[in-house]
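# Observations on the model geometry
This is what each chain is made of:
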Amino acid sequence: MYKIPVSVLVVIHTADLEVLLLERADHPGYWQSVTGSQDPGETLFDTAMREIAEETGLNAADYQLTGWHVENRYEIYEEWRWRYGPDVRFNTEHVFGLRLPSAMPVTISTREHLNYIWLPWQQAARKVFSSSNAEAIMSLPTR
C-alpha cells in the first residue's frame, strides 16, 4: 500500500523553547521533529497524535497539541518516492506543536530513529535538515 502524500510535522517543545529532535535511522546525521504520513480515514490531528506516540512514546492527550494552520507543499525526495503511488512527486505537510512542561526522556522508535536530543530553539532550527522544519522551529517565539 502506498503512502498518502499528506503528512504532519510536529514540533515538540517546552515553555522555555527547548525543542526535541530525532535522528533518522535511515540517514544518520539527519535530525528532525516528529513527522509522518496520514493513514486512510485519519484526521490530521489523529495523525499527529499517532506519530507522536509511535516516535516518542508520549501521549499527546496529556499535553497541549495545537494545529498551527501552516501547510507546506514540497517535492518528495527522490530516494523516498517509491513509498508513494506512481507519478506522485509532491507532499503537503501540516504543522503542529506539542508543548510540554519541561524537557523529558522519550522512548524513540529504533526502527525510525537512532537518538534524540533537546536543544534551545535557535540551535534546533540550525540542526534540522528540512527547511520547513527549520521555519516551524524559528516561529516558536511568536506562538
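Quantities reported herein were computed from a predicted structural model and do not represent experimental measurements. (Residues numbered from 1 in each chain as written. Predicted model: local features only at pLDDT ≥ 70, side-chain atom pairs only at ≥ 80, totals over all residues. Heavy atoms only, no water.)

Another point: the packing of aromatic side chains. Per the counting criterion, the structure on display carries 4 aromatic pairs. Ring centres 4.7 Å apart and planes at 40° place the aromatic pair Tyr-30 and Phe-129 in the tilted group. Residue Tyr-30 is found in the loop between β2 (18-24) and β3 (31-32), and its partner Phe-129 is found in the loop between α2 (121-127) and α3 (131-138); the two are separated by 99 residues along the sequence. Among the residues examined, Tyr-30 registers a relative accessible area of 31% and is labelled partly exposed. Classification of Phe-129 by relative accessible area gives partly exposed; the value is 24%. Positioned above the aromatic ring of Phe-90 is the side chain of Arg-73, whose terminal nitrogen or guanidinium carbon lies 4.2 Å from the ring centre. (Phe/Tyr/Trp six-rings, centres within 6.5 Å; stacked < 30°, edge-to-face > 60°. Helix = DSSP H or I, 4+ residues; strand = E, 2+ residues; numbered from the N terminus. Buried < 20%, exposed > 50% of the residue type's maximum accessible area, 1.4 Å probe, protein only. Lys NZ or Arg CZ within 6 Å of the ring centre and 35° of its normal.)

Moving on: the pattern of salt bridges. According to the stated counting rule, one finds 10 salt bridges in the structure shown. A salt bridge links Glu-42 to Arg-50; the shortest N-O distance between them is 2.6 Å. For Arg-50, a relative accessible area of 19% translates into the label buried. For Arg-81, the salt bridge is made with Glu-75, and the minimal N-O distance between the two is 2.7 Å. On the accessibility criterion, Glu-75 (38% relative accessible area) is partly exposed. Several salt bridges share partner residues, and in doing so they unite Asp-39, Glu-42, Arg-50, Glu-51 and Glu-54 into one network. (Salt bridge = Lys/Arg side-chain N within 4 Å of Asp/Glu carboxyl O.)

Scope: geometric values only; no functional claims are made or implied.
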